[in-house]
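Overview (structure and organization)
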2 protein chains.
Amino acid sequence: MAEQTFPFETLEKFTVSAFKKIGCSDADADLATKVLLSADLRGIDSHGVARLSGYIRLWEAKRINATPAIRTIHESPSTAVVDGDGGLGLVVAPHAMNIAIEKARQCGTGWVSVQHSNHFGIAGYHAMMALEHDMIGIAMTNASPLVAPTWSVERMLGTNPIAVAIPADKQPAFVADMATTTAANGKLEILQRKNKQAPEGWIQDKQGNTSTNPHELKDGGALVPLGSDYEHGSHKGYGLGSIVDIFSAVLSGANYGPWVPPFVAFLSPPADPVGKGIGHFFGAMRIDAFRPKEEFKQHMDNWINRFRSAKPVAGQPKVLIPGDPEREMNAIRLKEGIPLNEKVVEDLKELAKKFDLNF
Amino acid sequence: MAEQTFPFETLEKFTVSAFKKIGCSDADADLATKVLLSADLRGIDSHGVARLSGYIRLWEAKRINATPAIRTIHESPSTAVVDGDGGLGLVVAPHAMNIAIEKARQCGTGWVSVQHSNHFGIAGYHAMMALEHDMIGIAMTNASPLVAPTWSVERMLGTNPIAVAIPADKQPAFVADMATTTAANGKLEILQRKNKQAPEGWIQDKQGNTSTNPHELKDGGALVPLGSDYEHGSHKGYGLGSIVDIFSAVLSGANYGPWVPPFVAFLSPPADPVGKGIGHFFGAMRIDAFRPKEEFKQHMDNWINRFRSAKPVAGQPKVLIPGDPEREMNAIRLKEGIPLNEKVVEDLKELAKKFDLNF
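1. What to know about the overall build of chain A
The helix and strand tally for chain A stands at ten helices and twelve strands. Its C-alpha radius of gyration of 20 Å places chain A within 12% of the 21 Å reference for a compact globule of 359 residues. Counting only C-alpha atoms, chain A reaches 50 × 50 × 45 Å along its principal axes. In chain A, which comprises 359 residues, the share counted as buried stands at 58%.

Below, the structure is given as C-alpha cells:
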C-alpha cells in the first residue's frame, strides 16, 4: 500500500479548515485539530486525520453538533457531570478535563463524567493535559460495541481505552494509553489494508472460535478483551472494559454497552437509547494533595530509571516506559512529516473537493 | 492432595485468637480476621487463612507492628496519605478506606494513598466497603516483585491487584478484583501443590522464555503481565501493574517496584529502601455526586441484566458479571464450610501448638 508523507502543518491547516466548514468556531476548530492530529503525531494512525471524514459524515447525518452548548448539569466539590450537547468529543473532552483540573486545584482531585458526546480522539491527549499542572491525569471513554465478553459471541463493549499520565522530574512523563482489548481496532484496520492475517487471540468468529481473519468483524465476529481467552485472563480485560463503560456512561447518563451509537454514519444508532450519546470519564489528582511535588517527581525519576535498567531478555528491545514509543514518534513526525496511506489521502481529497478546499 | 473442611466459625475463632496472641487489640483481631477470611469465603484460597502463619512469622521477624499508631500525615479535602506504622495491612487498609469514604461524603470523592503497611488480604474486601454507603469503591496495592515487565527477565512488580465495586439496585453489586498479571500467584501455588503444569503464557523462565513449570519462580523465572506477551498486549498489563505501583507507593512514600519488601519472612527486605513498607491506594466515589443514586442503580441493574443475557458461546458457561463466582462461593462456604488442603491444616496445627490454642 503506497504511502505519501505530509508536513504536520499541511494536515493541520486542512483539518482546521474542514472543521470550520461544518460551522465550528475558530477556537473549536483549532482545538479539535490539535486533539485529532496528536494521534497522527504519536503514531496512533487509526485515530487521527484518517477519521476526519468520519466526523464530517456524522455531522452530515446530524449526529454531531458543531456549535454545542457544553454545560455542567450536576456537581460536587470534587465531581461534575458534563452534557456535551452532541458536540465533537474532540472539543467536549478537553472542556471536561479542564473542569477536572480546576476541581483538583480546589480540593485535591477532580472527576468528571460526560454524557451526550462523540468520539474524543486518543485518550492520552486528555490525560496529558494534567501534566503541566503537576497533576496525574486519567481519561477513558466508551465506544461502539465491537468486543465480546468472555464466553459470549455478542458484541457488548467498545475497545474502551484507559489513559493515565504521571509527571516526572528530569525524565519524560509516564503515559499509558491502552485499549482494554488484546489489540486495538486500529491494528486490525492496518492488517485489513495490507491483506495480512491477525495473530491468534485477537479476534473471534461469530461462533466464538479464535480467528486470524482481520475481516471477521464484518461477518459477525468480535474483538476479544485483553487476555485473549479465559485461561489467559480475558475476564480481567472484560472487567476493565466494563469499568470504563460504567464510569463513562452509567455515571453520566450516556449510552452504555450495546446501546453505544456507532462511529460510522452508515450504521444507525440503536432505536431504544438508554442515555445520550457516548460517555467519557476524566480524573485529575494534584500531586501535592498527596506529598510535596518535588519529592514525588524525584521518586518518579528513580522509578523510571530503575525500570529502564531492568535486565532485558537477550536479543529483545530494551525495557520501555509507557509513553516512550509515542513520544519518540512524535519527535520524528514533527520533523519528517506524517505518512498517510493512499486510501486516507483519497478520502481527504474527496473531502477537499466537497468543501472547496485545497489538499 | 487431601482436604479437610472447617466451619467458618471454627476458623474465625482460631484466627481471632492467633491475632490476639501477637498483641492485637480485640477490635483489630476481629477486623483482621474478618478481612483475612473474606478471601476463604470468596474462594480466593491463596489469600486467606493459608497466609495466617505467614503474617505471624513477619511479626516474629519484627516486620509487623501489632499495635500500630495509624495516622494521616498529609491531606486535602478529597485526599489523604496514611502512615500504617508497620501494622497489619488487614487493619491499616480498612482504616484508610474509611477515610476515603468520609472524604467522599464531604466532597464527592475520597482518595487515600498508604505507606508503611503490609499485605492487606484481598483488594475486593476494601473496595466493597463503599457499597453500603452508595459509593463506588476502588482498592489496589503493590506487592513483592514477582512480575517481569514486557521484554525483561527481571522481577520488578508485584501481582498488583485492582478492585472496583459498584452498587446496583435489585442486582448484586458489580465487583471486579483482579491481579494485573495473566494468572495470580495463588493459581500457581495450587498447581505446585497438585504437581501440575501451568498453561503456556502464565510464566517465563530466567531467560524470558515461556515455561509451563509452576516452580519456575524458584529458579529465577517470573510471572508475566496480563496479556502474556507483547503480541497479546502484555505491555498493557505491565502498564496497569505500574500504575498500581505508582498510585500505591510513589504517591504515598512506600517502597515501589523491586524495593517492595517480600511477604515471606525468610527473605530479607532490600537493604536500600526507597520508602516505608508496602503501599496501597483507595478510592470512594459517592454516586449522588454524579447523578441521583436511584437512577444510577436502576441503570446498573439494566447494565447487569443486559450483560447476563449476552448470547453465550455454544457449550460455554453463561456470561458472568464480575463478582458472580465469588458471591456464589461465599454463600456455599458460609453454609458448607471452608475446605483447606492438608499443608494448610498442618501449618495451622503448628501455629496452635506454638500459641497454646486449640485447632
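So, next bit.
2. Side note on the interface of chain B and chain A
At the interface, 66 residues of chain B touch 66 residues of chain A. Per-element tally for the side of chain B that touches chain A: the top contributor is helix α8 (residues 293-308) of chain B, with seven residues. Grouping the amino acids of the side of chain B that touches chain A by side-chain chemistry returns 36 nonpolar, 24 polar and six charged.

3. Points about the sheet that holds strand β9 (residues 210-211) of chain B
Strand pairing in a sheet takes place through backbone hydrogen bonds and is either antiparallel or parallel in direction. Residue and element names in this part refer to chain B. What the three strands build is an open sheet, ordered β9-β8-β10; its pairing is antiparallel. Unpaired on one side and paired on the other, β9 and β10 (222-223) mark the two borders of the sheet. Here two bridges tie strand β8 (residues 203-204) to β10, and the two strands are oriented antiparallel to one another. Bridging across to β10, Gln 204 finds its partner in Ala 222.

4. Focus on helix α7 (residues 234-250) of chain A
Taking 1.5 Å of rise per residue, the 17 residues of α7 of chain A would be expected to cover 24 Å, and the 23 Å separating its terminal C-alpha atoms lies within 8% of that figure. Taken across its 17 residues, α7 of chain A has 17 buried, putting it largely inside the fold.

5. Points about the domain arrangement of chain A
All names here are of chain A. The domain boundaries assigned to chain A delineate domain 1 (67-182 + 227-334) and domain 2 (183-223). Averaged C-alpha coordinates put domain 1 and domain 2 at centres separated by 24 Å. Counting from both sides, the interface comprises eleven residues of domain 1 and, opposite them, twelve residues of domain 2. Considered class by class, the residues forming the side of domain 1 that touches domain 2 number five nonpolar, four polar and two charged.

6. Some remarks on the pairing of strand β4 (residues 109-117) of chain A
Residue and element names in this part refer to chain A. Along β4, nine of the nine residues are buried, which leaves the element largely enclosed by surrounding structure. Bridge analysis of strand β3 (residues 79-83) against β4 gives five bridges, and the strand direction is parallel. Along β4, the bridge assignment pairs Thr 79 with Trp 111. Of the pairings in the sheet, the one linking β4 to strand β11 (residues 278-286) comprises seven bridges and is antiparallel in character. In the sheet register, Thr 109 faces β11, and the bridge partner there is Met 285.

7. Quick word on the relation of the copies chain B and chain A
Least-squares fitting of chain B to chain A yields an RMSD of 0.0 Å, with the transformation described by 0.0 Å of translation along the axis and a rotation of 180°. Overall, the copies show the geometry of a two-fold rotation axis. Across chain B, the smallest distance between a C-alpha and the rotation axis is recorded for Gly 227 of chain B, namely 2.3 Å. Of the interface residues in chain B, 100% have counterparts in chain A that sit at the interface too, so the contact is made through matching surfaces.

8. Description of the sheet that holds strand β3 (residues 79-83) of chain B
With mixed pairing, seven strands are arranged side by side in an open sheet as β2-β3-β4-β11-β5-β6-β7 (chain B). Because the sheet does not close on itself, it has two edges, and the strands there are β2 (71-76) and β7 (174-178) of chain B. Averaged over all pairs of adjacent strands, the angle between strand axes in this sheet comes to 10°, irrespective of strand direction. Two strands pair when backbone bridges link them, and strand β5 (residues 135-141) of chain B and strand β6 (residues 162-166) of chain B are joined in this way by four bridges, in the antiparallel orientation. The residue bridging Met 140 of chain B from the neighbouring strand is Ile 162 of chain B, located in β6 of chain B. Most of the contacts of α7 of chain A go to β7 of chain B, to which it runs at about 135°, and overall it touches β6 and β7 of chain B. Each of β2, β3, β4 (109-117), β5 and β11 (278-286) of chain B touches helix α4 (residues 89-107) of chain B; the most contacted strand, β4 of chain B, lies at about 155° to it.

9. Some thoughts on unusual backbone geometry
Despite not being glycine, Asp 85 of chain A shows a phi value in the positive range, around 55°. As for its position among the elements, Asp 85 of chain A is in the loop between β3 and α4 (89-107). Owing to 17 C-beta atoms within 10 Å, Asp 85 of chain A belongs among the partly exposed residues under this scheme. Despite not being glycine, Asn 195 of chain B shows a phi value in the positive range, around 55°. Looking at the element boundaries, Asn 195 of chain B is found in the loop between α6 (185-194) and β8.

10. Side note on the environment of Asp 169 of chain B
Mapped onto the secondary structure, Asp 169 of chain B falls in the loop between β6 and β7. The sequence separation of Asp 169 of chain B and Met 300 of chain B amounts to 131 residues, and the corresponding C-alpha distance is 7.2 Å.

11. A word on the confidence of the model for chain A
Interpretation of the predicted coordinates at a detailed level should be avoided for regions scoring low in pLDDT. Averaged over every residue, the pLDDT of chain A is 96; the share at 70 or more is 100%. Model confidence for the complex is summarised by a pTM of 0.98, with the ipTM given as 0.98.

12. Describing helix α10 (residues 342-355) of chain B
Residue and element names in this part refer to chain B. Taking 1.5 Å of rise per residue, 14 residues should cover 20 Å, and α10 covers 20 Å from first to last C-alpha, within 8% of that figure. Taken together, the buried positions of α10 are Val 344, Leu 348 and Leu 351. Buried residues of α10, seen end-on, are gathered within an arc of 55° and therefore sit on one face of the element. In this structure, α10 carries Glu 342, Glu 346, Lys 349, Glu 350 and Lys 353 as exposed residues pointing more than 90 degrees from its buried face. Buried residues belonging to α10 abut α1 (8-21), α3 (52-60) and β12 (338-341).

So, how was this worked out
Residues numbered from 1 in each chain as written. Chains lettered and ligands numbered in written order. Predicted model: local features only at pLDDT ≥ 70, side-chain atom pairs only at ≥ 80, totals over all residues. Helix = DSSP H or I, 4+ residues; strand = E, 2+ residues; numbered from the N terminus. Rg over C-alpha atoms; globule rule 2.2 N^0.38 Å. Buried ≥ 20, exposed ≤ 12 C-beta atoms within 10 Å, placed from the backbone. Contact = placed C-beta atoms within 7 Å. Nonpolar A, V, L, I, M, F, W, Y, C, P; charged D, E, K, R; others polar. Pairing = 2+ DSSP bridges. Expected span 1.5 Å × (residues − 1). Domains from an automatic or database assignment. Least-squares fit on C-alpha atoms with pLDDT ≥ 70 in both. Axes fitted to C-alpha atoms, helices over the stretch in contact; angles between N-to-C directions. pLDDT = per-residue confidence, 0-100. Arc of directions from axis to C-beta.

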